Amino acid sequence: MVSLFRRISAVVFGLGGLVFLLIGIVQLSNQAWGGVTGTVQTCTVATTEATPKSRARNVHTCVVAWDAGGQERTHTLELPAHLAAPGCPVDLRVKGDRAALAMPLGKAAIPAVIGLALVVFATVQFVRARRAKTFRGGVTVIGSR
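Residues numbered from 1 in each chain as written. Predicted model: local features only at pLDDT ≥ 70, side-chain atom pairs only at ≥ 80, totals over all residues. Heavy atoms only, no water.

**Notes on the overall build of the chain**
Note the threshold: Helix and strand labels come from DSSP, where a helix needs a run of H or I of at least four residues and a strand needs a run of E of at least two; each type is numbered from the N terminus. Three labels apply to residues, based on accessible area from a 1.4 Å probe with only protein chains included: buried if under 20% of the type maximum, exposed if over 50%, partly exposed otherwise in between. In this description, contact between two residues means that some pair of their heavy atoms is separated by no more than 4.5 Å.
If you tally the helices and strands in the chain, you get two helices and seven strands. Secondary structure elements of the chain occur, N-terminal to C-terminal, as α-β-β-β-β-β-α-β-β. In the chain, which comprises 145 residues, the share counted as buried stands at 26%. For the chain, contacts bridging at least 24 residues in sequence account for 53% of all contacts bridging at least 6.

Okay, structure coming up:
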């Protein structure tokens, strides 16, 4: 029974870890794009519904424009409330028509670090589940071969 629980938890934590790791890798790679200053053009505000465990929050979706070699480019981003005002300057990382909000590398790496920790934990759980053997008396011995 312990072995089955460990295998299931390994799969759940492993998949969650891979998702966090992927998000972190994307955020880190976005920060390697070219840096420009954009300008907020327009914003819409949507309010998320409150749940028993969380409060409602406002999501600010804004069109941001920047100059790319004499040509104006635009992209839609979710911005924090203090940046979500038309005419507000925003530090961006851009690649072609795509843009991401500039952030410190430490903050961008947080999901990758969490993901890596979850993948390591899942690997340990999986290895421990494989090593656990149940004998006739129902006694579980961990680490025996």
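Picking up where we left off.
**Some thoughts on the environment of Leu83**
Its location among the elements puts Leu83 in the loop between β3 (71-79) and β4 (89-95). C-alpha separation for the pair Leu83 and Val40, spaced 43 residues apart in sequence, amounts to 8.0 Å. Setting aside anything within four residues of it in sequence, one finds Leu83 in contact with Val40, Cys88, Pro89 and Leu101.

**Notes on the environment of Gln31**
Keep this limit in mind: Any pair of nitrogen or oxygen atoms within 3.5 Å is treated as a polar contact; in protein, a donor-acceptor pairing is required on top of that, and neighbouring residues in sequence qualify only through side-chain atoms on both sides.
Among the secondary structure elements, Gln31 is positioned in the loop between α1 (2-30) and β1 (34-47). Between the alpha carbons of Gln31 and Leu101 there is a distance of 8.5 Å; along the sequence they are 70 residues apart. Setting aside its immediate chain neighbours within four residues, Gln31 contacts Arg93, Leu101, Ala102, Met103, Leu105 and Ala108. Reaching out from Gln31, the side chain makes a polar contact with the backbone oxygen of Leu101 at a distance of 3.2 Å. Only 3.0 Å separates the side chain of Gln31 from the backbone nitrogen of Met103, close enough to count as a polar contact.

**Topic: the pairing of β1**
Put simply, the test is: Note on pairing: two strands pair once DSSP finds at least 2 bridges between them.
In terms of strand pairing, β1 meets β4 through six bridges, oriented antiparallel. By the bridge assignment, Gly38 is partnered in β4 with Val90. Bridge count between β1 and strand β2 (residues 58-68): eight bridges; the pairing is antiparallel. Bridging from a neighbouring strand, Thr39 pairs with Ala65 of β2.

**Describing the pairing of β3**
Direction of pairing for β2 relative to β3: antiparallel, over a ladder of nine bridges. Bridge assignment links Val64 to a residue of β3, and that residue is His75. Here β2 folds back onto β3 in antiparallel fashion, the turn holding two residues, of which Gly69 has a positive phi close to 65°.

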